[in-house]
Amino acid sequence: MRTQVGIVGAGPAGLTLALLLRREAIEAVVLENRTREYVEHRVRAGLLEQNTVDLMHELGVGERLARQGLQHDGIYLRRPGRTLHIPITDLTGRHVTIYAQQEVVRDMSAALLEGGGTIHYEVADVAPHDFDSDRPRITYSVDGNGEELCCDFIAGCDGFHGVCREFVPPGVLTEHEYTYPFGWLGILAQASPATDELIYAWHEHGFALYSMRSPKVSRLYVQVPQDEDLNLWSDDRIWEELQRRLATDDWRVNEGQIIDKGITPMRTFVCEPMQYGNLFLLGDAAHIVPPTGAKGLNLAVNDARLLAAALRRWYQAGSRSGLERFSETALRRVWRAQDFSNYMTQLLHDLGRGPFDRKLQLARLDYLGRSTAAATSLAENYAGLPAQDDF
Ligand code: RFL
Ligand code: PHB
């Protein structure tokens, strides 16, 4: 089989790239090792920057997002006895939108397949080859039979645990990685959110986040120790801890049936450069941010935007310059998001560094309430810097 761009992974990065390429009449084939059912039900991100929402509309996949997405104009930063509202839209002119990642994936894969695009699900043994030449290949197997996809370029959109990064020869990539000594226990609950906007809470017991998926479904997170055993957390214990960290004297979290529960490590990771020869790494395959800044999916979509623009220049004008600069351009936003995501993480979590550190966090929260400059800096990072500023 032959195509122009072989894409590994049907997550947000791979699907956005495939849709953008289709718009330019550049052929692509997506190879995904899971079932369609699995990728369309994986519970993950929820907060989309305006850049991401705008791009989904441009790609014609924003119809359900426009109907079901919850547009937000701000966030709350809470600590016992005090809640600060950061009016994101007033400060930046930009919005953020709550719309679940699995819905993004569902809308994008449906549009791609209905428009004649190709996604092969449930492929195994995916391996990129010869990407230091102009004849890259991807080998994989379907039901135990070996297949080969010849292409001009390979896009590794296969997430943090994917294979593409591993095939880059030793010594080419520099990897920066840090894992925090805690994680997030996240739940989805059948309970109407008791808040109009997200609440990020600082508490002596650790961080908590009140988010949502719809007017009937809440998404909540609590900071837990690293490698925590999920079995230690009964539903009752989860609600008790959420109330402790989030409730105020006259307001409580709405409780309901827990329909999904999981623990996520808090990792920060960047591999540089994000390319080698004709192999490009996008999204979580190249970088992970702690979720406190809500940036991972948005970065994945942005990487796809940048690579699609560079591929367009190559196919339309024969210019490789955009491709050569892909990594450098993408990494500017990646490092900005790393800084912001780590800032938010270190502002709000118990980092285990003792009372002096906790006092500094409170002083920073206090400053955000007293200084429009400080609040605006947080707001513009949270909403996401405009896409055109990447160049
Ligand atoms: P994905 O989504 O991991 O997709 C990779 C795809 O590649 C497939 N794959 C393979 N296919 C073929 N062969 C192989 N060998 C393969 N190995 C893997 C996988 O099955 C999968 O389908 O990566 P992508 O596209 O880069 O997207 C990144 C986002 O998923 C991720 O950054 C976000 O979920 C991060 N994130 C958040 N991002 C936001 O922008 N806003 C948020 O509010 C937000 N909240 C979150 C988050 C991530 C979380 N967790 C669970 C890590 C909240 C949480 C709790
Ligand atoms: C979510 O709704 O899942 C969510 C929102 C904001 C974050 C992280 C996760 O910072």
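Everything numeric here is computed off the predicted structure, so don't read it as measured data.

Calculation notes
Residues numbered from 1 in each chain as written. Chains lettered and ligands numbered in written order. Predicted model: local features only at pLDDT ≥ 70, side-chain atom pairs only at ≥ 80, totals over all residues. Heavy atoms only, no water. Helix = DSSP H or I, 4+ residues; strand = E, 2+ residues; numbered from the N terminus. Buried < 20%, exposed > 50% of the residue type's maximum accessible area, 1.4 Å probe, protein only. Axes fitted to C-alpha atoms, helices over the stretch in contact; angles between N-to-C directions. Contact = heavy atoms within 4.5 Å. Nonpolar A, V, L, I, M, F, W, Y, C, P; charged D, E, K, R; others polar. Pairing = 2+ DSSP bridges. Near = heavy atom within 4 Å. Polar contact = N/O pair within 3.5 Å; in protein donor to acceptor, adjacent residues only side chain to side chain. Areas by Shrake-Rupley, 256 points an atom, 1.4 Å probe, with all protein chains shown as cover. Disulfide = S-S within 2.5 Å. Left-handed = near helix turned anticlockwise from the far one by under 90°. Core = buried A, V, L, I, M, F, W, Y, C linked by side-chain atoms within 4.5 Å.

Draft legend 1. Just unusual backbone geometry, in detail. Along the chain, glutamate 272 connects to proline 273 via a cis peptide bond; the corresponding omega equals -10°. One can find proline 273 in the loop between strand S17 (257-272) and strand S18 (275-276). The residue aspartate 125 is not glycine, and still its phi comes out positive at about 55°. Relative to the elements of secondary structure, aspartate 125 occurs in strand S9 (residues 124-129). Given a relative accessible area of 61%, aspartate 125 falls into the exposed group. A positive phi angle, close to 50°, is found at aspartate 143, a residue other than glycine. By the secondary structure assignment, aspartate 143 is in the loop between strand S10 (137-142) and strand S11 (145-150). Residue classification places aspartate 143 among the exposed residues on the basis of a relative accessible area of 76%.

Draft legend 2. Seen up close, the packing of helix H10 (residues 326-348) against helix H11 (residues 355-370). Where H10 meets H11, the closest approach of the two axes is 8 Å, and the angle between their N-to-C directions is 115°. Two secondary-structure elements touch here, H10 through Tyr343, Gln346, Leu347 and Leu348 and H11 through Arg358, Gln361, Arg364, Leu365 and Leu368. Its residues assigned to classes, the contact of H10 with H11 shows 5 nonpolar, 2 polar and 2 charged.

Draft legend 3. A look at the sheet that holds S9. If you walk across this open sheet you meet the 3 strands as S9-S10-S11, and the pairing is antiparallel. In the strand order of this sheet, the two ends are held by S9 and S11, each with one partner. Here the average twist between neighbouring strands, direction ignored, is 20°. In terms of strand pairing, S9 meets S10 through 4 bridges, oriented antiparallel.

Draft legend 4. Structural context of the site of ligand 2. Not every one of the 13 residues close to ligand 2 is listed here, only the nearest: Tyr200, Ser211, Arg213, Tyr221 and Pro291. Contact between ligand 2 and proline 291: an oxygen atom at 2.8 Å from a main-chain N or O atom of the residue. Calculation on ligand 2 without its partners gives an accessible area of 280 Å², and the protein chains cover 97% of this total. Among the elements of the structure, strand S15 (208-214) and strand S16 (217-225) are those that each provide at least two residues to the shell around ligand 2. Residue contributions to the shell around ligand 2 peak at 3 residues, all from S15. Each residue belonging to the shell around ligand 2 can be placed in one class, and the counts come to 7 nonpolar, 3 polar and 3 charged.

Draft legend 5. Quick peek at the state of the cysteines. A full pass over the atoms with the stated rule returns 0 disulfides. As a non-bridged cysteine, cysteine 150 has cysteine 151 as the owner of its nearest cysteine sulfur, 7.2 Å distant. Here cysteine 164 stays free of any disulfide, with the sulfur of cysteine 157 as its closest cysteine sulfur at 8.1 Å. Owing to a relative accessible area of 0%, cysteine 164 belongs among the buried residues under this scheme.

Draft legend 6. Quick look at the packing of helix H1 (residues 12-23) against helix H6 (residues 101-114). Relative orientation of the contacting elements H1 and H6 amounts to 35°, with a least axis distance of 10 Å. The handedness of the crossing between H1 and H6 comes out as left-handed. Residues Pro12, Leu15, Thr16, Ala18, Leu19 and Arg22 of H1 pack against Gln101, Val105, Met108, Ser109, Ala111 and Leu112 of H6. In terms of residue class, the contact of H1 with H6 is built from 8 nonpolar, 3 polar and 1 charged.

Draft legend 7. The arrangement of the nonpolar core in detail. Formed by 74 residues in total, the largest nonpolar core has its most connected members in Ile7, Leu17, Leu21, Leu282 and Leu307. In contact with leucine 282, other than residues within four places in its own chain, are Ala13, Leu17, Ala155, Gly156, Cys157, Asp303, Ala304, Leu307 and Phe326. One finds Leu70, Leu84, Leu348 and Ala375 within the second-largest nonpolar core, a separate group that totals 35 residues.

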